[in-house]
Amino acid sequence: MTLHENEIPVDETLVRSLLREQRLRWAALPLSPAGAGTDNTMYRLGDDLLVRLPRTAGHARSVRKEQKWLPRLAPLLPCPIPEVVHAGTPADAFPLVWSVHRWIDGDEAGLDTVRDWAAFGADLAAVVRELHRIDLGGATRTGDLGWYRGGSLRPCDEWVGRCLEDCRTTVGSELDIDALEELWRAALALPEPCGPHVWLHGDLKPTNLLVRDGRLHAVIDFGTLSVGFPDAEHATLWDLPPRARQAYRDTLDLDEVTWTRARAWAIAVGLSGISFYWHTFPAFVAECRARLRAILADAR
């Protein structure tokens, strides 16, 4: 599945060639597809490893970011996160950096894997609280750590407006786009955020939350790791059931202004996902549509 014009094709033959060149002792291990997101393609390697390859040169920056920062964050968090065991270097067959991570057992968060959604929401809030408490250690909102979701909503208004118009054409019969625009505008009218910057995971959606024995076990995919204001961190809560969302909000004691901004970020990301991936990634579009439906239901 190709999602980007400048995407580098990846298959099992390419992965094995990289392993033979850089980690020969792993090259003969069993290899099988382990999913693909908008930024990376992944293969399970043997029982204990995961190969993670960026789709484009732009996404390779996120891989380098994980290689640099995950070892520093992992000891300070209350749940497992990915462990980089090999930082792959560019090769003739694949001219980008890539990684091998330690495999983390677990299932994606979902209705058939989570036992108690209120407990799940509280557990996720506890992870976020600890992440946001970690000292920045000199990291600043610059370069690869300056992702847009950690900033202000207002610079996003132009492209959100274009996405609103796109979605009126594609899903307007299903979703109340006018109501979503009103919620977006209400958040834009709020004062600009002014608190301290914190570490942000950036994309805490269910596919990045692993469950074991019915409880939150691990948080994966730190490709959107950044430094900034915390509001956007809470946006993916509308991907979870209401009980999880409320428990998360209660645990972190989030005020109405923060919640309104978080909802606006959820709207922005949902609209842009539909607009950008409408023809190429229907599963992701379905996630975005479900998120926007949840927002509208909450706002009634």
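Small disclaimer: the values here were computed from a predicted structure and weren't measured. (Residues numbered from 1 in each chain as written. Predicted model: local features only at pLDDT ≥ 70, side-chain atom pairs only at ≥ 80, totals over all residues. Heavy atoms only, no water.)

Caption draft 1: The arrangement of the overall build of the chain in detail. A tally of regular secondary structure across the chain gives eight helices and 10 strands. In terms of C-alpha radius of gyration, the chain reaches 19 Å, essentially the compact-globule figure of 19 Å for 300 residues. Projecting the C-alpha coordinates of the chain onto the three principal axes gives extents of approximately 55 × 40 × 40 Å. The buried share of the chain, reckoned over its 300 residues, is 53%. In the chain, once contacts between residues fewer than 6 apart in sequence are set aside, the share between residues at least 24 apart is 70%. With an accessible surface of roughly 13700 Å², the chain has 51% of that area assigned to carbon and sulfur atoms. Charge centroids of the chain, computed over 34 positive and 42 negative side chains, lie 3 Å from each other. (Helix = DSSP H or I, 4+ residues; strand = E, 2+ residues; numbered from the N terminus. Rg over C-alpha atoms; globule rule 2.2 N^0.38 Å. Buried < 20%, exposed > 50% of the residue type's maximum accessible area, 1.4 Å probe, protein only. Contact = heavy atoms within 4.5 Å. Areas by Shrake-Rupley, 256 points an atom, 1.4 Å probe, with all protein chains shown as cover. Lys, Arg positive; Asp, Glu negative; His and termini not counted. Charge placed at Lys NZ, Arg CZ, Asp CG, Glu CD.)

Caption draft 2: Just the sheet that holds strand 6 (residues 107-108), in detail. Judged by pairing direction, the sheet is antiparallel, and its three strands sit side by side in the order 6-8-9 without closing on themselves. This sheet does not close on itself; its edge strands, each paired only once, are strand 6 and strand 9 (215-219). The pairing of strand 6 with strand 8 (residues 209-212) spans two bridges and is classified as antiparallel. Each bridged residue has a counterpart across the sheet, and for E108 the counterpart in strand 8 is L210. Lying over the sheet, helix 3 (residues 117-133) contacts strand 8 and strand 9, oriented at roughly 30° with respect to strand 9. (Pairing = 2+ DSSP bridges. Axes fitted to C-alpha atoms, helices over the stretch in contact; angles between N-to-C directions.)

Caption draft 3: How the structure looks around a negative patch on the surface. A cluster of acidic residues, D47, D48, D105, D107, E108 and D112, forms a negative patch on the protein surface. With respect to the helices, strands and loops of the structure, D47 is situated in the loop between strand 2 (40-45) and strand 3 (49-54). Accessibility expressed as a relative area gives 60% for D47, which makes it exposed. (Patch = residues over 30% accessible without salt bridge, like charges linked within 9 Å, V, L, I, M, F, W, Y side chains within 5 Å. Salt bridge = Lys/Arg side-chain N within 4 Å of Asp/Glu carboxyl O.)

Caption draft 4: The sheet that holds strand 1 (residues 31-36), seen in detail. The sheet built from five strands is open, its strands ordered 1-2-3-5-4 with antiparallel pairing. In the strand order of this sheet, the two ends are held by strand 1 and strand 4 (84-88), each with one partner. When strand polarity is set aside, the average angle formed by the axes of neighbouring strands in this sheet is 20°. In this sheet, strand 3 lies alongside strand 2 in antiparallel orientation, the contact comprising six bridges. Looking at strand 3, one finds that M42 is bridged to R52. Across the sheet, helix 1 (residues 12-22) touches strand 1, strand 2, strand 3, strand 4 and strand 5 (98-102), and the angle it forms with strand 3 is around 110°.

Caption draft 5: Looking closely at the packing of aromatic side chains. The tally for this structure, following the rule as stated, stands at 10 aromatic pairs. Each ring, one from W117 and one from F120, has its centre 5.3 Å from the other, and the planes form 70°; the classification is edge-to-face. Placement of both W117 and F120 in helix 3 is noted, with a separation of three residues, approximately one turn of the helix. Judged on exposure class, the residue W117 and its partner F120 are both buried. Considering the side-chain rings of Y277 and F284, the 5.4 Å spacing of their centres and the 90° angle between planes classify their relative orientation as edge-to-face. What makes F284 buried here is its relative accessible area of 13%. Each member of the aromatic cluster is reached from another via a ring pair, and the members are W147, Y148, W159 and W265. (Phe/Tyr/Trp six-rings, centres within 6.5 Å; stacked < 30°, edge-to-face > 60°.)

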